[in-house]
Amino acid sequence: QVQLQESGPGLVKSSQTLSLTCTVSGASITTSYTAWSWIRQPPGKGLEWMGIIAFPYDATYYNPSLKSRASISRDTSKNQFSLKLTSVTPEDTAVYYCALYSYYDGRIYYGLEYWGKGTLVTVSS
């Protein structure tokens with residue numbers, strides 16, 4: 001069973017960089033034909049997909065609205081992937097989730113089956 005856990009500071013100052021880490025257990029993040037994602041939900045709003053890192057390609061792709069500020073990286077030795085969001089404002093306050101975006105079971109792709117429980121990050125003005 002794949003499990004994901006977000007971690008990082010719950011409070012960030014405006015103009016600084018938001019940094020979060022997702023620790024994965026039950027599967028290697030580098031497994032071929034998997035993609036790992038960051039998704040967020042601002043208060044009172046819907047889910048917003050932020051980006052993914054995909055394997056074996058080791059490639060990233062971002063929501064165009066966040067591409068200039070977001071960066072996803074991985075630390076394979078710790079089976080973790082991370083999010084950095086620069087120049088944050090209070091509009092970036094949200095519950096941030098990491099999730100297994102997709103995986104291939106040898107027949108078909110599955111999507112968004114496994115999520116972390118989320119972590120609230122508040123950006124102060």
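Residues numbered from 1 in each chain as written. Predicted model: local features only at pLDDT ≥ 70, side-chain atom pairs only at ≥ 80, totals over all residues. Heavy atoms only, no water.

What about the state of the cysteines?
By definition, a disulfide links the sulfur atoms of two cysteines through a covalent bond.
Next, step 1: Inspection of the entire model under this criterion finds 1 disulfide.
Next, step 2: The partner cysteine of C22 in its disulfide is C98, sulfur to sulfur 2.1 Å. Between C22 and C98, the S-S torsion sits near 70°, and that sign places the bridge as right-handed. Placement of the pair is C22 in strand 3 (residues 18-25) and C98 in strand 9 (residues 94-104), with a sequence separation of 76 residues. Residue C22 shares its accessibility class with C98, and that shared class is buried. (Disulfide = S-S within 2.5 Å. Helix = DSSP H or I, 4+ residues; strand = E, 2+ residues; numbered from the N terminus. Buried < 20%, exposed > 50% of the residue type's maximum accessible area, 1.4 Å probe, protein only.)

A few points about the packing of aromatic side chains
Next, step 1: Applying the stated criterion to the full structure yields 9 aromatic pairs.
Next, step 2: Taking 5.5 Å as the distance between ring centres and 80° as the angle between the ring planes, the aromatic pair formed by Y97 and W115 counts as edge-to-face. Within this pair, whereas Y97 is found in strand 9, its partner W115 is found in strand 10 (residues 109-115), the two being separated by 18 residues in sequence.
Next, step 3: Take Y97: its relative accessible area is 16%, and that puts it in the buried class.
Next, step 4: For W115, a relative accessible area of 33% corresponds to the partly exposed category.
Next, step 5: Ring-pair connections join several aromatic residues into one group, and the members of that group are Y33, Y104 and Y109. (Phe/Tyr/Trp six-rings, centres within 6.5 Å; stacked < 30°, edge-to-face > 60°.)

Topic: unusual backbone geometry
Next, step 1: A cis geometry characterises the amide bond from F55 onward to P56, with omega recorded as 10°.
Next, step 2: When you line up the elements, P56 lands in the loop between strand 5 (48-55) and strand 6 (59-62).
Next, step 3: With a phi angle near 50°, S87 is a residue other than glycine that sits in the positive phi range.

Examining the pattern of salt bridges
Next, step 1: Scanning the entire structure with this criterion turns up 6 salt bridges.
Next, step 2: Among the ionic pairs, R74 bridges to D58, the shortest N-O distance being 2.9 Å. Here the residue R74 occupies a position in strand 7 (residues 70-75), and D58 occupies one in the loop between strand 5 and strand 6, the gap between them amounting to 16 residues.
Next, step 3: Given the relative accessible area of 37%, R74 is considered partly exposed.
Next, step 4: Between D92 and R69 there is a salt bridge, with its nearest N and O atoms 3.0 Å apart. Remark: R69 occurs in the loop between strand 6 and strand 7 and D92 occurs in the loop between strand 8 (80-85) and strand 9; sequence separation between them is 23 residues.
Next, step 5: Accessibility expressed as a relative area gives 2% for D92, which makes it buried.
Next, step 6: Overlapping salt bridges, with partners in common, bring together R40, E48, R69 and D92 in one network. (Salt bridge = Lys/Arg side-chain N within 4 Å of Asp/Glu carboxyl O.)

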